[in-house]
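Spelled out, the chains give:
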Amino acid sequence: MVALYVGGKKVEWADAAARLTQSSVEREQIELRDDSGELVGRVKIQLVENDPDWVKAITPEEIERRMAEPGYTFEELKQRLGWQ
């Protein structure tokens, strides 16, 4: 079994996603160790922006305008798409 260590402290795998997405993790040493504590490897984390440029270009005003538009129920959408 391999364990994850961030900044010298063991991180449970269930908590790994939350811990590895914190901005401070870029400055910390991340290691993978086996059951005996032997170093298996080191990982370099470089956080990246997930949103593409077209998402970043949508203004708050445009979001408000779209939110104010009437929506469709799932049944109405299926009819519009010809699924029914």
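Residues numbered from 1 in each chain as written. Predicted model: local features only at pLDDT ≥ 70, side-chain atom pairs only at ≥ 80, totals over all residues. Heavy atoms only, no water.

**As for the pattern of salt bridges**
Item 1. With the rule as written, the count across this model stands at seven salt bridges.
Item 2. Taking the shortest distance from any N to any O, the salt bridge between Arg65 and Glu62 comes out at 2.6 Å. Pair noted here: Arg65 and Glu62 are both in helix α3 (residues 60-68), with a separation of three residues, about one helical turn.
Item 3. Arg65 is the salt-bridge partner of Glu69, the closest N and O atoms lying 2.6 Å from each other.
Item 4. With a relative accessible area of 42%, Glu69 lands in the partly exposed category.
Item 5. Three or more residues are tied together by salt bridges with common partners; here these are Glu62, Arg65, Arg66 and Glu69. (Salt bridge = Lys/Arg side-chain N within 4 Å of Asp/Glu carboxyl O. Helix = DSSP H or I, 4+ residues; strand = E, 2+ residues; numbered from the N terminus. Buried < 20%, exposed > 50% of the residue type's maximum accessible area, 1.4 Å probe, protein only.)

**Description of the sheet that holds strand β2 (residues 9-11)**
Sheets are built from strands that pair by backbone hydrogen bonding, the pairs being arranged parallel or antiparallel.
Item 1. Strands sit in the order β2-β1-β3-β4 across an open sheet of four strands; the sheet is antiparallel. Two strands in the sheet have a free side with no partner beyond their single neighbour: β2 and β4 (39-43). Geometrically, the sheet is characterised by an average inter-axis angle of 35° between neighbouring strands, direction not taken into account.
Item 2. Bridge analysis of strand β1 (residues 2-6) against β2 gives three bridges, and the strand direction is antiparallel. Counted as the bridge partner of Val6 is Lys9 from β2.
Item 3. Against the sheet, helix α1 (residues 13-20) contacts β1, β2 and β3 (30-34), and its axis sits at roughly 35° relative to β1. (Pairing = 2+ DSSP bridges. Axes fitted to C-alpha atoms, helices over the stretch in contact; angles between N-to-C directions. Contact = heavy atoms within 4.5 Å.)

So yeah, pure geometry; function would need other evidence.
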